[in-house]
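Here is how the chains run, residue by residue.
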Amino acid sequence: MVEWIFVVLIVMGVLFAVKLLYVLATVSAHPITQGALFVPTANIRVTTFLDAVPMRSGDFLVDIGCGDGRVLRAARRRYGVSALGFEVNLLAYLIAKVRSLGIEGIQVRWRNFWKVHLRDANVVFCYLFPDVMERLAKKLEAELRTGTRVVSCNFPIPGWKPLEVLFPDSSLHDDPIYVYRFPDSCRSIRTDRKETAQLSSS
Ligand SMILES: C[S@@+](CC[C@H](N)C(=O)[O-])C[C@H]1O[C@@H](n2cnc3c(N)ncnc32)[C@H](O)[C@@H]1O
């Protein structure tokens, strides 16, 4: 009986320590993440993304805010792509690092993605927060190469027109996933606006 109480106390202590770590890591990263918490994308959503966005082994996927790195590993497993993740939440970064140990073609860096140029990516994945999406649109427009696909979980990129909006087949995880291609996704919306303006002025 005494042993059981001891075991329960240890389990509770470990759970408490993990929770405390999560809170500390989240609070200290907050000035950079501006609300994008470490919430991993559900596996069914990762699968939906991979089904809809085929890649080749020479492709370079960047997850800006990679959490535990699951998107990097899943894309590497499915398509053999090279994959790079940036993460500023220390707990998330350490989990991603440990879970990706020894997997060739995957890099995880403890870095603020706003300070990194995205020119080498040809697939960009993100699951961020509405407050940063306007700024993200400007960064992507300034840095991406023609043909780069951009996938945003839950929140659309303002001013961009998605090629496709995916809804995973799950009642629990059915928030939209927006798929874009640069620069067509920005151009088409500008053309639409221009045409509307021309129509209304004629
Ligand atoms: C909602 S989670 C998504 C994690 C992962 N992309 C996934 O889909 O499973 C967002 C992550 O982005 C990270 N993040 C937010 N802003 C960042 C920044 N400027 N640089 C690096 N990581 C950032 C957060 O710490 C958080 O772990």
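Rules and cut-offs
- For every chain, the first residue of its written sequence is number 1, and the numbers climb from 1 along that sequence.
- Reporting of local features is limited, given that this is a predicted model, to residues whose pLDDT is at least 70; pairs of side-chain atoms are given and counted only at 80 or more, and all residues count toward the totals for whole chains, interfaces and linings.
- Each helix is a run of DSSP H or I of at least 4 residues and each strand a run of E of at least 2, with the numbering of both proceeding from the N terminus.
- To form a nonpolar core, buried Ala, Val, Leu, Ile, Met, Phe, Trp, Tyr and Cys residues must be joined through C-beta atoms within 7 Å.
- Buried means a residue has 20 or more other C-beta atoms within 10 Å of its own C-beta, exposed means 12 or fewer, and partly exposed covers the counts in between; C-beta atoms are placed from the backbone.
- Whether two residues are in contact depends on their C-beta atoms, placed from the backbone: they are in contact if these lie within 7 Å.
- Pairing between two strands requires that DSSP report at least two bridges joining them.
- Here, nearness is defined through the C-beta atom: a residue counts as near a molecule or strand if that backbone-placed atom lies within 6 Å of it.
- Polar here means any residue other than Ala, Val, Leu, Ile, Met, Phe, Trp, Tyr, Cys and Pro, which are nonpolar, and Asp, Glu, Lys and Arg, which are charged; Gly is therefore polar.
- Fitting a line to C-alpha atoms yields each axis, with helices limited to the stretch in contact; the angle taken between N-to-C directions then spans 0 to 180 degrees.
- The definition of a right-handed crossover adopted here requires that, viewed with the strands pointing away, the path from the first strand over the helix to the second runs clockwise.

Account for the environment of Asn 43, with residues named and values stated.
Examined against the element boundaries, Asn 43 turns out to sit in helix 2 (residues 43–52). For Asn 43 and Ala 74, which are 31 residues apart along the polypeptide, the C-alpha to C-alpha distance reads 9.0 Å.

Would you mind going over the nonpolar core in detail, with residue names and values included?
Membership of the largest hydrophobic core comes to 46 residues, with the highest contact counts inside it found for Leu 61 and Val 124. Among all residues touching Val 124, those that are not within four sequence positions of it are Val 62, Ile 64, Leu 118, Thr 148 and Val 150.

Any details on the pairing of strand 7 (residues 177–181)? Residues and values, ideally.
By the criterion of burial, strand 7 is predominantly enclosed, with four of the five residues buried. Bridge count for strand 5 (residues 149–153) against strand 7 is five bridges, and the pairing is antiparallel. Directly across from Val 150, in strand 7, lies its bridge partner Tyr 180. Here three bridges tie strand 6 (residues 164–166) to strand 7, and the two strands are oriented antiparallel to one another. When the sheet's bridge partners are listed, Glu 164 is paired in strand 7 with Val 179.

Could you give me a rundown of the site of the ligand, with the residues and numbers involved?
By nearness alone, 25 residues border the ligand, and Thr 33, Thr 41, Gly 65, Gly 67 and Asn 89 come closest of all. Within the residue set of the shell around the ligand, elements represented by two or more residues are helix 1 (2–33) and helix 3 (70–79). Element by element, the count of residues in the shell around the ligand is highest for helix 1, at three residues. Residue composition of the shell around the ligand, grouped by class: 16 nonpolar, six polar and three charged.

Describe the sheet that holds strand 3 (residues 106–109), listing the residues and the values that go with them.
Taken together, seven strands build an open sheet; the order of strands is 3-2-1-4-5-7-6 and the sheet is mixed. Across the chains shown, the open sheet's two edge strands, defined by having one partner strand only, are strand 3 and strand 6. The sheet shows a mean angle of 15° between the axes of neighbouring strands, direction not considered. Where strand 1 (residues 60–64) meets strand 2 (residues 82–86), five bridges bridge the pair, whose relative direction is parallel. Of the residues in strand 2, the one forming a bridge with Phe 60 is Ser 82.

Tell me about helix 3, residues and numbers included.
Residues Arg 70, Val 71, Leu 72, Arg 73, Ala 75 and Arg 76 constitute the buried set of helix 3. Those residues of helix 3 that are buried lie in contact with helix 2, strand 1, strand 2, helix 4 (90–100), strand 3 and strand 4 (123–126). Count one or two residues on from helix 3 and you reach Gly 80, which has phi positive near 70°.

Give a detailed account of the pairing of strand 4, specifying residues and quantitative values.
What you see with strand 4 is no split at all: Val 123 and Phe 125 on one side and Val 124 and Cys 126 on the other are buried throughout. In the sheet, strand 1 pairs with strand 4 via three bridges, with the strands oriented parallel. Paired with Leu 61 across the bridge in strand 4 is Val 123. Of the pairings in the sheet, the one linking strand 4 to strand 5 comprises four bridges and is parallel in character. Within strand 5, the residue paired with Cys 126 across the bridge is Ser 152. One crossover worth recording links strand 4 to the parallel strand 5 by way of helix 5 (residues 130–143), and it is right-handed.

Before we move on, could you go through the environment of Val 71 and cite the residues and values that matter?
Structurally, Val 71 can be placed in helix 3. Along the primary structure Val 71 and Ala 142 are separated by 71 residues, whereas in three dimensions their C-alpha atoms are 24 Å apart.

Spatial relationships are all this shows, so hold off on functional conclusions.
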